[in-house]
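Commentary on secondary and tertiary structure
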Amino acid sequence: MGLLGSIEMPIKSKAAKDLFDEFLLNRGINKAFYSNLGEESYGFRMVDTNDRRSDTPRESLKHIITVSRNYIHGCEEGEIKFDETYDDLERSETKEDLLALLDENSDSFEAFLSERDIDTKSVKVPWMDDPILAVEALYGINSHEILHQGWNLAIMDHLNMPRFKELKEMWG
(Lines give C-alpha, C1' and ligand atoms only; values in the text may rest on other atoms or scores of the structure.)
Protein backbone atom coordinates (compact mmCIF):
# COMPACT_ATOMS: atom_id res chain seq x y z
CA MET A 1 0.00 0.00 0.00
CA GLY A 2 2.90 2.34 0.53
CA LEU A 3 4.19 5.08 2.69
CA LEU A 4 1.73 6.03 5.40
CA GLY A 5 -0.71 3.62 3.76
CA SER A 6 -2.84 0.94 5.34
CA ILE A 7 -0.28 -1.87 5.57
CA GLU A 8 0.57 -2.41 9.20
CA MET A 9 3.56 -4.63 9.85
CA PRO A 10 4.20 -5.22 13.50
CA ILE A 11 7.56 -3.69 14.35
CA LYS A 12 8.09 -5.17 17.78
CA SER A 13 11.49 -3.68 18.59
CA LYS A 14 11.30 -0.28 20.30
CA ALA A 15 14.58 0.83 18.69
CA ALA A 16 13.36 -0.20 15.24
CA LYS A 17 9.95 1.39 15.79
CA ASP A 18 11.55 4.67 16.91
CA LEU A 19 13.73 4.67 13.79
CA PHE A 20 10.82 3.91 11.48
CA ASP A 21 8.61 6.59 13.02
CA GLU A 22 11.33 9.21 12.50
CA PHE A 23 12.00 7.92 8.99
CA LEU A 24 8.30 8.17 8.07
CA LEU A 25 8.26 11.86 8.96
CA ASN A 26 11.29 12.60 6.82
CA ARG A 27 10.38 10.30 3.93
CA GLY A 28 6.89 11.78 4.01
CA ILE A 29 8.26 15.27 3.41
CA ASN A 30 10.37 14.05 0.49
CA LYS A 31 7.46 12.12 -0.96
CA ALA A 32 5.26 15.21 -0.69
CA PHE A 33 7.90 17.24 -2.54
CA TYR A 34 8.10 14.76 -5.41
CA SER A 35 4.31 14.41 -5.48
CA ASN A 36 3.81 18.20 -5.63
CA LEU A 37 6.52 18.67 -8.26
CA GLY A 38 5.07 18.66 -11.76
CA GLU A 39 6.26 15.92 -14.11
CA GLU A 40 7.58 18.65 -16.42
CA SER A 41 10.04 19.70 -13.66
CA TYR A 42 11.48 16.22 -13.09
CA GLY A 43 14.15 17.03 -15.67
CA PHE A 44 15.13 20.40 -14.15
CA ARG A 45 18.84 20.79 -13.43
CA MET A 46 19.87 23.59 -11.02
CA VAL A 47 23.47 23.60 -12.23
CA ASP A 48 24.64 22.55 -15.67
CA THR A 49 28.09 23.89 -16.47
CA ASN A 50 31.32 22.45 -17.82
CA ASP A 51 32.60 22.04 -14.25
CA ARG A 52 29.50 20.90 -12.39
CA ARG A 53 26.21 19.22 -13.17
CA SER A 54 23.57 18.76 -10.50
CA ASP A 55 21.10 15.91 -10.41
CA THR A 56 17.62 16.42 -11.76
CA PRO A 57 14.73 15.66 -9.40
CA ARG A 58 14.26 12.40 -11.34
CA GLU A 59 17.90 11.43 -10.79
CA SER A 60 17.73 12.51 -7.17
CA LEU A 61 14.62 10.41 -6.49
CA LYS A 62 16.27 7.39 -8.09
CA HIS A 63 19.32 8.03 -5.91
CA ILE A 64 17.21 8.18 -2.73
CA ILE A 65 15.65 4.81 -3.56
CA THR A 66 19.01 3.29 -4.52
CA VAL A 67 20.72 4.37 -1.30
CA SER A 68 17.83 3.09 0.82
CA ARG A 69 17.85 -0.22 -1.01
CA ASN A 70 21.61 -0.49 -0.53
CA TYR A 71 21.21 0.00 3.22
CA ILE A 72 18.38 -2.53 3.53
CA HIS A 73 19.96 -5.12 1.24
CA GLY A 74 23.30 -4.68 2.99
CA CYS A 75 21.72 -5.29 6.37
CA GLU A 76 19.99 -8.39 5.02
CA GLU A 77 23.28 -9.70 3.62
CA GLY A 78 25.53 -8.58 6.49
CA GLU A 79 27.51 -5.84 4.72
CA ILE A 80 26.41 -2.46 3.40
CA LYS A 81 27.84 -1.52 0.02
CA PHE A 82 26.86 1.54 -1.95
CA ASP A 83 27.76 0.36 -5.43
CA GLU A 84 24.68 -1.71 -6.21
CA THR A 85 22.38 -0.67 -9.05
CA TYR A 86 18.82 -1.75 -9.80
CA ASP A 87 17.41 -2.45 -13.24
CA ASP A 88 13.85 -1.43 -12.33
CA LEU A 89 15.13 2.04 -11.34
CA GLU A 90 17.08 2.36 -14.57
CA ARG A 91 13.91 1.63 -16.54
CA SER A 92 11.60 3.84 -14.46
CA GLU A 93 11.31 7.39 -15.71
CA THR A 94 7.81 8.66 -14.95
CA LYS A 95 6.79 10.43 -11.78
CA GLU A 96 4.11 7.80 -11.16
CA ASP A 97 6.51 4.87 -11.52
CA LEU A 98 9.15 6.45 -9.31
CA LEU A 99 6.66 7.34 -6.56
CA ALA A 100 5.40 3.75 -6.62
CA LEU A 101 8.99 2.51 -6.18
CA LEU A 102 9.47 4.98 -3.31
CA ASP A 103 6.41 3.48 -1.58
CA GLU A 104 7.69 -0.06 -2.19
CA ASN A 105 11.00 0.99 -0.66
CA SER A 106 9.26 2.28 2.47
CA ASP A 107 7.34 -0.98 2.73
CA SER A 108 10.56 -3.00 2.38
CA PHE A 109 12.17 -0.96 5.13
CA GLU A 110 9.19 -1.57 7.42
CA ALA A 111 9.26 -5.29 6.64
CA PHE A 112 12.97 -5.52 7.43
CA LEU A 113 12.54 -3.64 10.72
CA SER A 114 9.73 -6.07 11.59
CA GLU A 115 12.06 -9.08 11.55
CA ARG A 116 12.22 -10.95 14.82
CA ASP A 117 16.00 -10.69 15.22
CA ILE A 118 16.30 -7.00 14.29
CA ASP A 119 17.64 -6.01 17.73
CA THR A 120 20.59 -8.40 17.48
CA LYS A 121 21.31 -8.27 13.75
CA SER A 122 24.69 -6.73 12.99
CA VAL A 123 26.18 -5.44 9.77
CA LYS A 124 29.58 -4.47 8.43
CA VAL A 125 29.58 -0.82 7.36
CA PRO A 126 32.15 1.08 5.28
CA TRP A 127 32.84 3.65 8.00
CA MET A 128 33.69 1.24 10.87
CA ASP A 129 36.21 -1.55 11.32
CA ASP A 130 33.86 -3.75 13.35
CA PRO A 131 30.22 -4.59 12.57
CA ILE A 132 27.53 -2.51 14.26
CA LEU A 133 23.88 -3.16 15.02
CA ALA A 134 21.74 -2.97 11.89
CA VAL A 135 19.29 -0.55 13.53
CA GLU A 136 22.16 1.84 14.24
CA ALA A 137 23.41 1.59 10.67
CA LEU A 138 19.93 2.15 9.29
CA TYR A 139 19.75 5.62 10.81
CA GLY A 140 21.81 6.48 7.73
CA ILE A 141 18.65 6.13 5.64
CA ASN A 142 16.93 8.71 7.83
CA SER A 143 19.89 11.09 7.68
CA HIS A 144 19.93 10.72 3.91
CA GLU A 145 16.25 11.69 3.76
CA ILE A 146 17.00 14.86 5.75
CA LEU A 147 19.89 15.73 3.44
CA HIS A 148 17.54 15.51 0.46
CA GLN A 149 15.01 17.77 2.15
CA GLY A 150 17.62 20.53 1.99
CA TRP A 151 18.40 19.73 -1.63
CA ASN A 152 14.71 19.78 -2.45
CA LEU A 153 14.33 23.20 -0.79
CA ALA A 154 16.95 24.56 -3.17
CA ILE A 155 15.04 23.10 -6.13
CA MET A 156 11.82 24.63 -4.81
CA ASP A 157 13.48 28.04 -4.64
CA HIS A 158 14.81 27.73 -8.20
CA LEU A 159 11.38 26.71 -9.47
CA ASN A 160 9.55 29.28 -7.32
CA MET A 161 7.48 26.51 -5.69
CA PRO A 162 5.55 27.44 -2.57
CA ARG A 163 6.32 25.55 0.64
CA PHE A 164 3.85 22.70 0.95
CA LYS A 165 1.85 21.71 4.01
CA GLU A 166 4.01 18.79 5.20
CA LEU A 167 7.20 20.82 4.95
CA LYS A 168 5.74 23.75 6.88
CA GLU A 169 4.38 21.41 9.56
CA MET A 170 7.82 19.87 10.07
CA TRP A 171 10.13 22.86 9.70
CA GLY A 172 7.90 25.91 10.06
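Provided above is the structure to which this section pertains.
A short tour of the structure in this document, coming up. The structure presented is a predicted model; accordingly, all values stated were derived computationally and were not measured.

Evaluated as defined, the whole model comprises seven aromatic pairs. A centroid spacing of 4.8 Å and a plane angle of 80° characterise the contact between Phe 23 and Phe 109, whose relative ring orientation is edge-to-face. Residue Phe 23 is located in helix H1 (residues 14-36), and its partner Phe 109 is located in helix H4 (residues 95-113); the two are separated by 86 residues in the primary sequence. On the basis of relative accessibility, which here comes to 0%, the residue Phe 23 falls in the buried class. Accessibility expressed as a relative area gives 1% for Phe 109, which makes it buried. Ring pairs connect the aromatic residues Phe 20, Phe 23 and Phe 109, which therefore count as one cluster. Above the face of the Tyr 86 ring, Arg 69 is positioned so that its terminal group lies 5.0 Å from the ring centre.

Before going further, it helps to examine the nonpolar core. In this structure, Phe 109, Leu 113, Val 123 and Leu 138 are the most contacted members of the largest nonpolar core, which totals 23 residues. Among the secondary structure elements, those contributing two or more residues to this core are H1, helix H2 (57-77), H4 and helix H5 (134-137). When residues of this core are assigned to their parent elements, the largest contribution, five residues, is made by H1. Residues within four places of Leu 138 in sequence aside, it is in contact with Leu 19, Tyr 71, Ile 72, Cys 75, Phe 109, Phe 112 and Leu 113.

Here the focus is empty space enclosed by the protein. Taken as a whole and assessed by the stated rule, the structure comprises one cavity of 30 Å³ or more. Considering only enclosed or pocket space, the largest cavity measures out at about 40 Å³ in volume. Every residue lining the largest cavity is listed: Ile 29, Asn 30, Phe 33, Gln 149, Asn 152, Leu 153, Met 156, Phe 164 and Leu 167. Sorting the residues of the lining of the largest cavity by element identifies H1 and helix H6 (139-159) as the ones contributing at least two each.

A positive phi angle, close to 55°, is found at Asn 160, a residue other than glycine. Turning to its location among the elements, Asn 160 is positioned in the loop between H6 and helix H7 (165-171). In this structure Asn 160 comes out as exposed when scored by relative accessible area, which is 69%.

So, how was this worked out
- Residues numbered from 1 in each chain as written.
- Predicted model: local features only at pLDDT ≥ 70, side-chain atom pairs only at ≥ 80, totals over all residues.
- Heavy atoms only, no water.
- Phe/Tyr/Trp six-rings, centres within 6.5 Å; stacked < 30°, edge-to-face > 60°.
- Helix = DSSP H or I, 4+ residues; strand = E, 2+ residues; numbered from the N terminus.
- Buried < 20%, exposed > 50% of the residue type's maximum accessible area, 1.4 Å probe, protein only.
- Lys NZ or Arg CZ within 6 Å of the ring centre and 35° of its normal.
- Core = buried A, V, L, I, M, F, W, Y, C linked by side-chain atoms within 4.5 Å.
- Contact = heavy atoms within 4.5 Å.
- 1 Å grid on protein atoms, 1.4 Å probe; cavity = no way out; pocket = protein on both sides within 12 Å on 5 of 7 lines; lining within 4 Å.
- Points joined across faces, edges and corners; volume = space filled by probe spheres on them.

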